Amino acid sequence: MKAFTLGAAIALAFSAAAYAQAPSWTVPSESQRCPSKWGAADERGSANHQKPAAVLNAAKLIKTGEVIELAHVLGPNMAFFGTRRFDMHTKRTFMNQFSNMRGSNEEIIITELGQVGTQFDGFAHQTHLNSWYNCQKVDENTDRTGFKKFGIHNVGALFTRGVLIDVAAFKGVEMLDDNYEISVGDLEGALKKQNLTLQPGDAVIIHTGWGKLYGKDNPRYVKSCPGIGVQAALWLATKDPMLLGADNWPVEVAPNPDKQLSLPVHQIALVVNGIHLLENLKLDELAQKGVGEFAFVMQPLKIQGGSGSTVSPIAVR
Ligand code: UVW
C-alpha cells in the first residue's frame, strides 16, 4: 500500500511537471504567420495605417492646441535595460580666434541610440529564431552597418489618433503592482469607463503608473513591471493598432507569469503581427489631465538600418 502510494505520488509529480512544461503560448509556425496581411514583401506592418486619412482623423481631435510631451529626458537619470547606456561628454569651449571671439560648445554621446530612453521598436528588433516579421531572415539581411530589412529610417512620421487606456485609474490605484498582468477585462473595463472605443490605426497607449519610478527608483523600474500579457496582446492585435505603448520598459508584464516565456508580447507584436511597440513613455501628465483621446505625433530618428529609435512623441489636443 505504502509502495503504491509512493508510486502514485511520483507519477503525479511527473505528470504535473509535464503539464508545467507546456508553455501557455507558442509562436505560430511560418506557414501560419506569413505572408502578413500587408503582403509578402511588406516591411511597414502597422505603419501602413499612416495615410492622409489617419492625419485628418487625428487632427479633428485638436481643439485647444495644448501639447503634452510623452518622453523622458535623455540624461543621467535614465533607466536602462541590460547593458544599454547613454554617456554624454561635453566638448567645450572652442574659441574661434577672430575679432568677435565666438565660442562654440558641443558634446559627444556614447549610446545605444536605437534602444534607450523613450523608445520605438522596429521589426528588426525581435525575432523567432532566425526569422523576423513576414518571415524575412536575419542572417540574409544583416551587415556590419545595419539591418537591410525593416530599417527604422523607413518608418517616417507617425500622426494618428492616440488613445490612452488608463488601467491604473480603472483599478483605482496610482500604480499597478510590480508584475501585474493586465487582462482583456481590464482593457475593456477601462475603455468603457473612459467612454472610448479603439479604431484601426490608433496609437494605443496604456497607463500603468509604473513610469512614476522612472529616474527615481531605476533598479525597481527595470527589475519587473506591470503590463499586458499574452491574452491582452492578442486581443489588442485584433484591434489593428498602429502601435502599442506604455509607461514601462517592455510594454508587457515582466517577467511573464509563465516562467517558460521571455517577453512574448514582443514577438506577438513585432514578429507575428508587425505592430510597433513604444516603451518608457512618460504618461503622468496625460493621465492626470484625463486626456483619453488626442492627436499622436512622433517620428523615429533616421538611423539607417536601425532596429529602433529613441523618440520624443507628443500628444496634441
Ligand atoms: C528588449 O530588447 C528585450 O526589450 P525592449 O524592447 O523592451 O527594450
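Preceding this section is the structure that the text describes.
A brief look at the structure comes next. As the structure is a prediction and not an experimental result, all values here were calculated from the model. (Residues numbered from 1 in each chain as written. Predicted model: local features only at pLDDT ≥ 70, side-chain atom pairs only at ≥ 80, totals over all residues. Heavy atoms only, no water.)

A few points about the site of the ligand
Okay, step 1: As a structural note, the neighbourhood of the ligand is formed by Phe81, Arg84, Gln115, Gln119, Asp121, His125, Gln126, Trp249, Pro250, Leu263, His266 and Glu279.
Okay, step 2: Here an oxygen atom of the ligand and a side-chain polar atom of Arg84 are 2.6 Å apart.
Okay, step 3: Here Glu279 contributes a side-chain N or O atom positioned 2.9 Å from an oxygen atom of the ligand.
Okay, step 4: Its free accessible area being 260 Å², the ligand has 90% of it covered by the protein chains.
Okay, step 5: Here the residues of the shell around the ligand sort into four nonpolar, five polar and three charged. (Near = heavy atom within 4 Å. Polar contact = N/O pair within 3.5 Å; in protein donor to acceptor, adjacent residues only side chain to side chain. Areas by Shrake-Rupley, 256 points an atom, 1.4 Å probe, with all protein chains shown as cover. Nonpolar A, V, L, I, M, F, W, Y, C, P; charged D, E, K, R; others polar.)

A closer look at the sheet that holds strand β4 (residues 119-121)
Okay, step 1: Strand order across the open sheet formed by nine strands is β1-β15-β13-β7-β9-β11-β12-β4-β14, with mixed pairing between neighbours. Each edge of the open sheet carries a strand with a single partner, namely β1 (67-69) and β14 (308-310). The average angle at which neighbouring strand axes cross in this sheet is 25°, direction not considered.
Okay, step 2: Relative to the sheet, helix α8 (residues 264-273) contacts β4 and β12 (276-279), its axis offset from that of β12 by approximately 135°. (Pairing = 2+ DSSP bridges. Helix = DSSP H or I, 4+ residues; strand = E, 2+ residues; numbered from the N terminus. Axes fitted to C-alpha atoms, helices over the stretch in contact; angles between N-to-C directions. Contact = heavy atoms within 4.5 Å.)

Examining unusual backbone geometry
Okay, step 1: Note that the residue after Cys34, namely Pro35, is joined by a cis bond; omega there is -5°.
Okay, step 2: Here Pro35 lies in the loop between α2 (30-33) and α3 (52-59).
Okay, step 3: With a phi close to 60°, Cys135 is a non-glycine residue in the positive phi region.
Okay, step 4: In this fold, Cys135 is placed in the loop between β4 and β5 (142-143).
Okay, step 5: A relative accessible area of 14% places Cys135 in the buried class.
Okay, step 6: Phi is positive for Asp240, close to 65°, though the residue is something other than glycine. (Buried < 20%, exposed > 50% of the residue type's maximum accessible area, 1.4 Å probe, protein only.)

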